[in-house]
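# Examination of the molecular architecture
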Amino acid sequence: MGKITGFMEFERLEEGYRPVDERVKHYKEFVIGLDESQAKVQAARCMDCGTPFCNSGCPVNNIIPDFNDLVFRQDWKQALDTLHSTNNFPEFTGRICPAPCEAACTLNVNDDPVGIKSIEHAIIDRGWQEGWVVPQPAPVKTGKSVAVVGSGPAGLAAAQQLARAGHAVTVFEKNDRVGGLLRYGIPDFKMEKHHIDRRVEQMQAEGVTFKTGVLVAELPAAIKVTNWAKQTMPPKDLLAAFDAVLLTGGAEQPRDLPVPGRELDGIHFAMEFLPQQNKVNAGDVLKNQIRADGKHVIVIGGGDTGSDCVGTSNRHGAASVTQFELMPQPPEHENKPLTWPYWPIKLRTSSSHEEGCEREFAIATKEFIGESGRVKALKSVRVEWKDGKMIEVPGSEKVLPADLVFLAMGFVSPIGSVLEAFGVDKDARGNAKAATDGERSYATNVAKVFAAGDMRRGQSLVVWAIREGRQAARAVDEFLMGASTLPR
Ligand SMILES: Cc1cc2nc3c(=O)[nH]c(=O)nc-3n(C[C@H](O)[C@H](O)[C@H](O)COP(=O)(O)OP(=O)(O)OC[C@H]3O[C@@H](n4cnc5c(N)ncnc54)[C@H](O)[C@@H]3O)c2cc1C
Ligand code: SF4
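Residues numbered from 1 in each chain as written. Chains lettered and ligands numbered in written order. Predicted model: local features only at pLDDT ≥ 70, side-chain atom pairs only at ≥ 80, totals over all residues. Heavy atoms only, no water.

### What to know about the nonpolar core
The test is simple: By convention a nonpolar core is built from buried Ala, Val, Leu, Ile, Met, Phe, Trp, Tyr and Cys residues, the set being connected through side-chain atoms within 4.5 Å. A 1.4 Å probe rolled over the protein chains alone gives each residue an accessible area, and that area as a share of the maximum for its type sets the label: buried under 20%, exposed over 50%, partly exposed in between. Secondary structure elements are defined from DSSP: runs of H or I of at least 4 residues count as helices, runs of E of at least 2 residues count as strands, and each element is numbered from the N terminus.
If you look at the biggest cluster of nonpolar residues, it comprises 67 residues, and the most contacted ones within it are Phe67, Val71, Ile123, Val169, Leu182, Val208 and Phe210. Ranked by residues supplied to this core, first place goes to helix α19 (residues 462-481) with eight residues. Residues Leu247, Val424, Val446 and Met455 belong to the second largest nonpolar core, which totals 25 residues.

Put into structure tokens, the structure is as follows:
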């Protein structure tokens, strides 16, 4: 513990943001991270409370009190090693993790929690700056081969762990670039994509092969998911060529809103819209990009994906942006004795909301109204929730102008056809069925086929995907070698 009285002396300091009028003009990151001395002071707020709930609140179990202490002592290299011992990609989580660790921090019981995420961010950025993040190729090769299907955070974490254990790893990705939703989905202003590129370079130096533009199995004909594949690979060929296969294809099937008028032009899934902007930011030329310039935009869905549509629409120059949420507005502050150390439901205002957005709660969409085949307006109705049931409020119907509508109501499951082509059993929600503990952890019902990340657990978070990728890598290593020294 760095400073015994630190938590009483120092206030929490949030990372800063560049001003709204400046940042909405571009797609670059705008968070101003802590400098060295600020990070030291923030780390000094850690009480080293003895029962670090933050450590179990963090899905990868980052060893938070230890790296706080090391940052306080300004031993940044050791802090980086501690962070990397549990997390392959802290530059991703340090930017876009919602930080459940902070909800669980003991100081959060009656004060502001330690700024764990901002300290993590400072450690990894310093690590890259100093040149401390280098390839760690396995000293001995095992002669075993593993195919990883999907290059999101789960696939990347698994591939890195497996390569470091000495296996020959090939990652197959249907899109034209590596990264899953980190690349195509999460806007560049939340996380610039060079962070992925430099990890890919590191992993290639560790022996991982990336095959982009390869769709494993097939997709249903009319499905609207990102797919820039130029070739397909049947599961039987993959199974014949590799000693083990790990499925990390995410949960891409979007939730639809089948109300009258859904077929009108101008109504899109969020994941039709967001990846296009990522592509344009990468320098690709798109002929028919969905653009929000001068339009009245309604985003249906109050979560992160919806918020990303808000931020992107404002950068396009939308005339107005409104976001709908079906549930009532949550309280501004949580009831800490009731919620701590768990993730509380409370009103969360994202940086995208701050850039300009009307937020409507307890509101449902009844109908899309069109003109010449294009959406022009949306009919909404207020709702109340009684005994878990949604009831429309009589007489509360309203028509709002809508030139562009984004459906951001979450994802129901992975794409069923991919799992079916492998013969993998699904759970009740349509996810790949595999347990996370026991002798057959992450193993599916099909011999030598494993599953992890959103494809196994359903729509989740980057930090959970990293955890599952790491744990699945250990399970695959055990399967191939009979034992594993990879951390779980
Ligand atoms: C818009 C948006 C914003 C988000 N923001 C955040 C955030 O701020 N913080 C956070 O923690 N989480 C966020 N999430 C959630 C997070 O991105 C996911 O939980 C996480 O990326 C899941 O990782 P994954 O590796 O399991 O799958 P994914 O990241 O979905 O990657 C799966 C990859 O597999 C590929 N693939 C699928 N099937 C095949 C196939 N048959 N053949 C070849 N390739 C295939 C896909 O193309 C994709 O690249 C967000 C999600 C979305 C949609
Ligand atoms: S990965 Fe997320 S939960 Fe874990 S320490 Fe970092 S910010 Fe907290």
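After that view, the rundown keeps rolling.
### As for the sheet that holds strand β4 (residues 168-173)
Stated precisely, the cut-off is as follows: Strands pair, by our definition, only if DSSP identifies at least two bridges between them. Every axis corresponds to a line fitted to the C-alpha atoms, with the helix fit spanning only the stretch in contact, and the corresponding angles, defined between N-to-C directions, vary from 0 to 180 degrees. Contact criterion: two residues are considered in contact whenever any of their non-hydrogen atoms come within 4.5 Å of each other.
Here five strands make up an open sheet; going across it, the order is β5-β4-β3-β8-β20 and the pairing parallel. The two strands at the open ends of the sheet, each matched to only one other strand, are β5 (209-212) and β20 (449-451). Across the sheet, the axes of successive neighbouring strands diverge by a mean angle of 20°, strand direction being ignored. Lying over the sheet, helix α10 (residues 153-164) contacts β3 (145-149), β4, β5 and β8 (244-247), oriented at roughly 165° with respect to β4. α19 contacts β3, β8 and β20 of the sheet and is inclined by roughly 165° relative to β8.

### Concerning the site of ligand 2
Going by this rule: Near is defined per residue: the residue qualifies when any heavy atom it owns lies within 4 Å of the molecule or strand. In this classification, Asp, Glu, Lys and Arg are treated as charged, Ala, Val, Leu, Ile, Met, Phe, Trp, Tyr, Cys and Pro as nonpolar, and every other residue, Gly included, as polar.
Taken together, 13 residues surround ligand 2, and among them Cys58, Asn62, Cys97, Cys101 and Glu120 come closest. Contributing elements (two or more residues each) for the shell around ligand 2: α8 (100-104) and α9 (116-130). Ranked by residue count, the leading element in the shell around ligand 2 is α9, at three residues. By residue class, the composition of the shell around ligand 2 is nine nonpolar, two polar and two charged.

### Concerning the environment of valine 399
Within the fold, valine 399 resides in strand β17 (residues 398-401). Remark: the alpha-carbon pair of valine 399 and leucine 378, spanning 21 residues in sequence, is separated by 5.5 Å. Leaving out residues up to four positions away in the same chain, valine 399 has contacts with Ile369, Ala377, Leu378 and Lys379.

### Quick notes on the site of ligand 1
For clarity, the cut-off: Counting of polar contacts relies on pairs of N or O atoms within 3.5 Å, with two restrictions inside protein: one atom must be capable of donating a hydrogen and the other of accepting it, and residues adjacent in sequence are counted only when both atoms are side-chain atoms. Here the open area of atoms and residues is found with the Shrake-Rupley method and a 1.4 Å probe, where only the protein chains shown may cover a residue.
Looking at ligand 1, there are 36 residues lining it, with Ile96, Ala154, Glu173, Val216 and Asp454 nearest. With respect to ligand 1, the side chain of lysine 190 contributes an N or O atom lying 3.0 Å from an oxygen atom. Here ligand 1 loses 97% of its free accessible area of 1,000 Å² to cover by the protein chains. Of the residues in the shell around ligand 1, the class split is 17 nonpolar, 12 polar and seven charged.

### Some points on the packing of aromatic side chains
We apply this condition: For Phe, Tyr and Trp, where Trp contributes only its six-membered ring, two rings pair if their centres lie within 6.5 Å, and the inter-plane angle classes them as stacked under 30 degrees, edge-to-face over 60, or tilted in between. Two thresholds decide whether a charge sits over a ring: the Lys NZ or Arg CZ must be within 6 Å of the ring centre and within 35 degrees of the ring normal.
Overall, the coordinates contain eight aromatic pairs when judged by the stated rule. When the centroid spacing of 4.0 Å and the interplanar angle of 20° are considered together, the rings of phenylalanine 273 and phenylalanine 406 count as stacked. Here phenylalanine 273 is found in helix α13 (residues 270-281), whereas its partner phenylalanine 406 is found in strand β18 (residues 404-407), with 133 residues between them in sequence. A relative accessible area of 0% means that phenylalanine 406 is categorised as buried. In this structure an aromatic cluster arises from ring pairing among Tyr17, Phe30 and Phe189. For lysine 279, the ring lying beneath its charged end belongs to tryptophan 228, and the centroid distance is 4.5 Å.

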